[in-house]
Protein chains: 2
Amino acid sequence: MTTPLRLGIAGLGTVGTGVVRIVRQKAETLAARAGRPITITAVSARTRDKDRGVNLGDYAWEDDPVALAKRDDVDVFVELMGGSDGPAKAATEAAIAAGKDVVTANKAMLAHHGHALALAAEEAGRVIRFEAAVAGGIPVIKALTEGLAGNDITRVMGVMNGTCNYILTRMQATGQGYNALFEEADKLGYLEADPNLDVGGIDAGHKLALLSSIAFGCQVDFDGVALEGIQDITLDDIRHAADMGYRIKLLGVAQMTGRGLEQRMSPCLVPAKSPIGQLEGGTNMVVLEGDQVEQIVLRGPGAGMGPTASAVMGDVMDIARGFRISTFGQPAAMLKPCAQASSATPARYYLRMSLDDKPGALAKVATLLGEAGISIDRMRQYRHDDATAPVLIVTHKTNRDALDTALTGIRRLDVLAGDPVALRIETV
Amino acid sequence: MTTPLRLGIAGLGTVGTGVVRIVRQKAETLAARAGRPITITAVSARTRDKDRGVNLGDYAWEDDPVALAKRDDVDVFVELMGGSDGPAKAATEAAIAAGKDVVTANKAMLAHHGHALALAAEEAGRVIRFEAAVAGGIPVIKALTEGLAGNDITRVMGVMNGTCNYILTRMQATGQGYNALFEEADKLGYLEADPNLDVGGIDAGHKLALLSSIAFGCQVDFDGVALEGIQDITLDDIRHAADMGYRIKLLGVAQMTGRGLEQRMSPCLVPAKSPIGQLEGGTNMVVLEGDQVEQIVLRGPGAGMGPTASAVMGDVMDIARGFRISTFGQPAAMLKPCAQASSATPARYYLRMSLDDKPGALAKVATLLGEAGISIDRMRQYRHDDATAPVLIVTHKTNRDALDTALTGIRRLDVLAGDPVALRIETV
């Protein structure tokens, strides 16, 4: 097979530019590995007149990504625009309808429309590949879908938002609070245009929903992900956790339970000495557990031009080599709509609340926990100078439902200053 | 494509039995993922009458693996016998000649004959897959060959012999010496029939040679791997290293240098806090570095029934899904015979020697190092009660050639009790 594989690239931001660079600079290596040349025939972006540091003169220009997606001289539509709907979705649909394969880095689009797009692609005999959508340069989609295809996957975990991990590890390292480090991350350009995508856990939740679908054969269901962001984590939480030998991470966990598929993306306490606990800065980590393979841990850069373009090129090379695989590892028509059970697995919890300095306040809280069947492993009240006392509680294993019942009762008490914080202590 | 993919399995030890189990127990899942059933038609092993805990009654039996490899009802020959030559090689060659694809876990066979086998397979239009040959359950061949196909690989490193890592980390944890822990590993069944394959670094060297070939487009060249085993590591080395913030690991490193391909498998000092330094027990870790992806770290079980069978099944599933790729990532005919330069990259070294307690002994050693252009970062002579004094030296960066010159001179001095030990301090 020596026919060139012809790419049409929509979106020339960091990642798109990175892909153009690789295709231009490594033509010979890529051709040797793929057994055929990889070429670019056309590109599209919002702004044409912008110096991107690469020569685009050899390629046809399309203002409209939908027009790009339909071009006769494009074999693979490379979607690097982003956004769950709008032009990205329209152009992806047009590409599939026009008989093109699709490579995309768009987690939001796939988390919301992945099932419908996979059905359409498979009906048209086309593939959608999305390695770059999850955990940047780490080839985790490939490991899960292909490398571990002989396993029943038992659990998938991941730290998949580098910005959140940057903020949390910097809080630990510098002793600065959340707000100061949010500002720092913003100045460094680490935050999405809508920062809630990062710190609210949405971006990482999109990624988890994609991994869940492959791992458990379920239709991708982002709405089934129980999402909590890192906005309420204080420096005190970080310090208390460290005192007990833990780190706080925005951790995604997906597992199949007797009650359904459990998908959670939330700040959790994990042992400081575990691989996840030791993960610093913007690096991503994904843990894959299967009945045969036990546990595989993958670690690498979660973002950036090179790593993300590397993932896009991995998909392009697979297509060039003639590898065709169902979007989520099995035909989309066979994926089940899975019941969602976001709080099925019991866990120990870390609770932090501020109690008014009144006699009996702590007793009232303890009573409500006891009534909900939650026993307390440790409780500590800190010294304080003002009218409220910070109280820290670590529970024994409990169901989230029981905890929510207790927290509802505790909120109704007249002894609480501010909302209590409850963080799961995850076994990793 | 709904024709079943028919396996013939040669070798029914732990891994072979594990593969049979997966194929029997997960028929439905595998068929859904592959788009076609995976079946076993025939098996072969040295002993027929042995309870392996799985029902083999449905499969044809062949005493001779070569006969198995040639059967008309076998599509994929699964070679799990082991051994670089003999029946494994004969049967693999027969399978290729008979037009079968091959899946193997046989690192020794591929390290010695991989290039010839790859040429033969590609001439016959067949594939050889060997995920299980390197780092057990970790899908590292896949990550390197496919996921990172858009990269120029700059360095590959790995701790890929679980037995050695077990012995070294147990020395650190228990304070027992090498010999005691070698015995312990033997009792636990962790050692190969020829233990030198493990502790001599040969098994891990085979794996490194396979990774090098893919990473750098070179013909696999096991003889080019500079091999050192862990047999001379003492408890003192482990302790000295720990005092300085290091751990000792049997570490493989491959990188392309201006002088040629550098391939080393030897005990090295690595920072205790690095991912490799923190790796405990029988777990494996591979670090892949590329110009685009920066650094990917993969960690998982390096051996055992489930993990190794998982890797075999990953390859089987790829073949079932119609994925066909050159053995070492590009056509074997395009792989270059690369010049070998096992000691091209300079490094700091840890030296340990026992000097006779005579005036001027240390001065003579220091002089010889100086004459070879090696400057000393730290030197320490320990308190001692007998006639020889243990001396520990950490050098500044030096070439291995210069170090060897100095060591040759030092060995000629009349002040040395026993052979000096030199361990590279690796930047990881």
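Residues numbered from 1 in each chain as written. Chains lettered and ligands numbered in written order. Predicted model: local features only at pLDDT ≥ 70, side-chain atom pairs only at ≥ 80, totals over all residues. Heavy atoms only, no water.

## What about the overall build of chain A?
Rules: Under the scheme used here, helices are H or I runs from DSSP no shorter than 4 residues and strands are E runs no shorter than 2 residues, and both carry numbers assigned from the N terminus. Atoms counted for the radius of gyration: C-alpha only. Globule rule: 2.2 Å times the number of residues to the power 0.38. Partly exposed describes any residue whose relative accessible area lies between the buried limit of under 20% and the exposed limit of over 50%, with all areas from a 1.4 Å probe on protein chains only and scaled to the type maximum. In short, Shrake-Rupley with a 1.4 Å probe defines the accessible areas, and a residue's cover is counted only from the protein chains shown. The charge count treats Lys and Arg as positive and Asp and Glu as negative. His and the chain ends do not count. Just so you know, the charge point we use is NZ for Lys, CZ for Arg, CG for Asp and CD for Glu.
Summing up its helical and strand segments, chain A has 14 helices and 16 strands in all. Here the C-alpha atoms of chain A give a radius of gyration of 24 Å, agreeing with the 22 Å that 2.2 N^0.38 yields for 428 residues. By principal-axis analysis of the C-alpha atoms, chain A measures approximately 80 × 45 × 35 Å. Across the 428 residues in chain A, those meeting the buried criterion constitute 59%. Per element, the accessible surface of chain A, about 15,700 Å² overall, is 47% carbon and sulfur. Between the centroid of the 44 positive side chains of chain A and the centroid of its 51 negative side chains there is a distance of 4 Å.

## Overview of the UniProt feature "active site" (unreviewed entry) in chain A
Residues and elements named next belong to chain A. Quick note on the threshold: UniProt positions are given in the numbering used here, feature names are shortened, and annotations may be inferred rather than shown by experiment. Here a residue-residue contact requires only that any non-hydrogen atoms of the pair lie within 4.5 Å. Here a polar contact means two N or O atoms within 3.5 Å. Within protein one must be a hydrogen donor candidate and the other an acceptor candidate, and residues neighboring in sequence count only if both atoms are side-chain atoms.
Following the UniProt record, the feature "active site" (unreviewed entry) maps to Lys207 here. Here lysine 207 is to be found in helix H10 (residues 202-216). By relative accessible area, lysine 207 is classed as buried at 5%. Excluding its chain neighbours within four sequence positions, the residues that come into contact with lysine 207 are Lys107, Ala133, Val134, Ala135 and Met160. Among the polar contacts listed, one links the side chain of lysine 207 to the side chain of aspartate 203, at a separation of 2.9 Å.

## Section: helix H7 (residues 162-174) of chain A
Residue and element names in this part refer to chain A. The condition is simple: For a helix, the expected span equals 1.5 Å multiplied by the number of residues minus one.
For H7, with 13 residues, the first-to-last C-alpha span of 17 Å sits near the 18 Å given by 1.5 Å per residue. Residues of H7 that are buried in the fold lie against strand S7 (153-159), helix H8 (178-187), helix H9 (196-199), helix H11 (235-243), strand S9 (246-257) and strand S11 (283-290). Two or three places before threonine 163, at the opening of H7, asparagine 161 has a side-chain oxygen 3.1 Å from that residue's backbone nitrogen. Once H7 ends, the next one or two residues include glycine 175, with phi positive near 75 degrees.

## As for the state of the cysteines
Simply put, the disulfide is a covalent bond whose two ends are the sulfur atoms of two cysteines. All names here are of chain A. Rule in force here: The criterion for a disulfide is a pair of cysteine sulfur atoms lying within 2.5 Å.
Per the stated rule, a full pass over the model turns up two disulfides over all chains. Across the disulfide, cysteine 218 is cross-linked to cysteine 338 (sulfur-sulfur distance 2.0 Å). Between cysteine 218 and cysteine 338, the S-S torsion sits near -90 degrees, and that sign places the bridge as left-handed. Taken together, the residues cysteine 218 in the loop between H10 and strand S8 (226-227) and cysteine 338 in the loop between helix H12 (305-320) and strand S13 (348-356) connect sequence positions 120 residues apart.

## A few points about the packing of aromatic side chains
Residue and element names in this part refer to chain B. Basically, it comes down to this: Think of it this way: a Phe, Tyr or Trp ring, Trp meaning its six-membered ring, pairs with another when their centres are within 6.5 Å, and the plane angle makes it stacked under 30 degrees, edge-to-face over 60, tilted otherwise.
If you walk through the whole model with that rule in mind, you get seven aromatic pairs over all chains. Both rings, one in phenylalanine 130 and one in phenylalanine 328, keep their centres 5.5 Å apart while their planes meet at 55 degrees; by these two values the pair is tilted. Placement of phenylalanine 130 in the loop between strand S6 (128-129) and helix H6 (140-147) and of phenylalanine 328 in the loop between helix H12 (305-320) and strand S13 (348-356) is noted, with a sequence separation of 198 residues between them. As far as the burial class goes, phenylalanine 130 and phenylalanine 328 line up, both buried.

## Side note on the interface of chain A and chain B
Put simply, the rule is: The quantity reported as buried area is the accessible area (1.4 Å probe) lost by two parts once they are put together, taken as the sum for both. Salt bridge, as used here: a side-chain nitrogen of Lys or Arg that lies within 4 Å of a carboxyl oxygen of Asp or Glu. Under the convention adopted here, Pro, Cys and the residues Ala, Val, Leu, Ile, Met, Phe, Trp and Tyr are nonpolar, Asp, Glu, Lys and Arg are charged, and Gly plus all remaining residues are polar.
Each partner contributes to the interface: chain A provides 49 residues, whereas chain B provides 49 residues. Ranking the residues of chain A by area buried against chain B places Arg33, Arg299 and Arg321 of chain A at the top, with a combined share of 16%. Inspection of the chain A/chain B interface yields six salt bridges. On the surface where chain A and chain B come into contact, there are 18 residue pairs in polar contact (both at pLDDT 80 or more). Mapped by element, the contributors of at least two residues to the side of chain A that touches chain B are helix H2 (27-34), helix H6 (140-147), strand S12 (294-301) and H12 of chain A. Per element, the largest residue contribution to the side of chain A that touches chain B is eight residues, and it comes from S12 of chain A. Looking at the side of chain A that touches chain B residue by residue, the class counts come to 22 nonpolar, 16 polar and 11 charged.

## Some remarks on the relation of the copies chain A and chain B
Rule in force here: The superposition of copies rests on a least-squares fit of C-alpha positions from residues with pLDDT of 70 or more in both.
Each copy of the sequence occupies a distinct position, and chain A is placed on chain B by a rotation of 180 degrees and an axial shift of 0.0 Å, giving an RMSD of 0.1 Å. This pairing of chains is accounted for by a two-fold axis. In this assembly the copies share their binding face: 100% of the residues contributing to the interface of chain A also contribute to that of chain B.

## Here we look at the side chain of asparagine 161 of chain B
All names here are of chain B. Assignment of secondary structure puts asparagine 161 in the loop between strand S7 (153-159) and helix H7 (162-174). Here the side chain of asparagine 161 touches threonine 163 through a polar contact of 3.2 Å, landing on its backbone nitrogen. There is a polar contact of 2.8 Å between the side chain of asparagine 161 and the backbone nitrogen of cysteine 164.

## What to know about the sheet that holds strand S1 (residues 5-10) of chain A
All names here are of chain A. Spelled out, the test is: In this scheme, strands are said to pair when DSSP sees at least two bridges between them.
Taken in spatial order, the six strands of this open sheet run S3-S2-S1-S4-S5-S6, and their pairing is parallel. The open sheet is flanked by strand S3 (60-62) and strand S6 (128-129), the only strands paired with a single partner. Bridging between strand S2 (residues 38-44) and S3 involves three bridges; their strand directions are parallel. Following the sheet pairing, alanine 42 is matched in S3 by alanine 60.

## What to know about the UniProt feature "binding site: NADP(+)" (unreviewed entry) in chain A
All names here are of chain A. UniProt annotation of "binding site: NADP(+)" (unreviewed entry) refers to Ala10, Gly11, Leu12, Gly13, Thr14, Val15, Gly16 and Thr17 when read in the numbering used here. Turning to its location among the elements, glycine 13 is positioned in the loop between S1 and helix H1 (14-25). Overall, glycine 13 belongs to the partly exposed group, its relative accessible area being 40%. Relative to the assigned elements, threonine 17 resides in helix H1. On the basis of relative accessibility, which here comes to 5%, the residue threonine 17 falls in the buried class. Leave out the neighbours within four places in its chain, and threonine 17 touches Leu12, Arg52, Val54 and Met305.

## Considerations on the domain arrangement of chain A
Threshold: Boundaries of every domain are those given by an automatic assignment or by a domain database.
The domains assigned to chain A are domain 1 (5-133), domain 2 (140-300) and domain 3 (348-425). Look at where the C-alpha atoms of domain 1 of chain A and domain 3 of chain A centre, and you get two points 51 Å apart.

## A few points about the environment of arginine 239 of chain B
Along the chain, arginine 239 of chain B turns up in helix H11 (residues 235-243). For arginine 239 of chain B and glycine 175 of chain B, which are 64 residues apart along the polypeptide, the C-alpha to C-alpha distance reads 8.9 Å.

## So, the packing of H6 of chain A against H10 of chain A
Residue and element names in this part refer to chain A. This is how it is decided: Orientation is described by lines fitted to C-alpha atoms, with helices fitted over the stretch in contact, and by angles between N-to-C directions that extend from 0 to 180 degrees. We call two directions roughly parallel when the angle between them is under 35 degrees, roughly antiparallel when it is over 145, roughly perpendicular when it lies between 65 and 115, and oblique otherwise. A clockwise turn of the near helix away from the far one marks a right-handed crossing, whereas an anticlockwise turn of less than a right angle marks a left-handed crossing.
Running from amino to carboxyl end, H6 crosses H10 at an angle of 15 degrees, the nearest separation of the two axes being 9 Å. Between H6 and H10, the interaxial angle falls into the category roughly parallel. Of the two elements, H6 crosses H10, and the hand of that crossing is left-handed. Side by side, H6 and H10 meet where Val140, Ile141, Leu144 and Thr145 of the first sit next to Leu211, Ile214 and Ala215 of the second. Taken together, the residues that form the contact of H6 with H10 break down as six nonpolar, one polar and no charged.

## Regarding the pattern of salt bridges
The full count for this structure, using the stated rule, is 61 salt bridges over all chains. The salt bridge partner of aspartate 203 of chain A is lysine 207 of chain A, with a shortest N-O separation of 2.9 Å. Placement of both aspartate 203 of chain A and lysine 207 of chain A in helix H10 is noted, with a separation of four residues, approximately one turn of the helix. In this structure, the salt-bridge partner of arginine 264 of chain B is glutamate 262 of chain B, at a minimum N-O distance of 2.9 Å. Like arginine 264 of chain B, the residue glutamate 262 of chain B is buried in the burial classification. One salt-bridge network, in which partners are shared between bridges, spans Arg129, Lys142, Glu146, Asp315 and Asp318 of chain A together with Arg129, Lys142, Glu146, Asp315 and Asp318 of chain B.

## Re unusual backbone geometry
Residue and element names in this part refer to chain A. The backbone of alanine 135 sits at a positive phi, close to 60 degrees, despite the residue not being glycine. The residue alanine 135 is located in the loop between S6 and H6 in this model. Taking the relative accessible area as the measure of exposure, alanine 135 reaches 0% and is therefore buried.

## Focus on the side chain of histidine 113 of chain B
All names here are of chain B. Relative to the elements of secondary structure, histidine 113 occurs in helix H5 (residues 107-123). Owing to a relative accessible area of 18%, histidine 113 belongs among the buried residues under this scheme. Once residues within four sequence positions are removed from consideration, histidine 113 is found in contact with Ser84, Asp85 and Lys89.

## Quick look at the packing of H6 of chain A against H6 of chain B
Put simply, H6 of chain A and H6 of chain B touch, their axes get as near as 10 Å, and they point 125 degrees apart. On the basis of the axis angle, H6 of chain A is oblique to H6 of chain B. When the axes of H6 of chain A and H6 of chain B are compared, the crossing they make is right-handed. Facing H6 of chain A, whose interface residues are Lys142, Glu146 and Gly147 of chain A, H6 of chain B presents Lys142, Glu146 and Gly147 of chain B. Class assignment for the residues of the contact of H6 of chain A with H6 of chain B results in no nonpolar, two polar and four charged.

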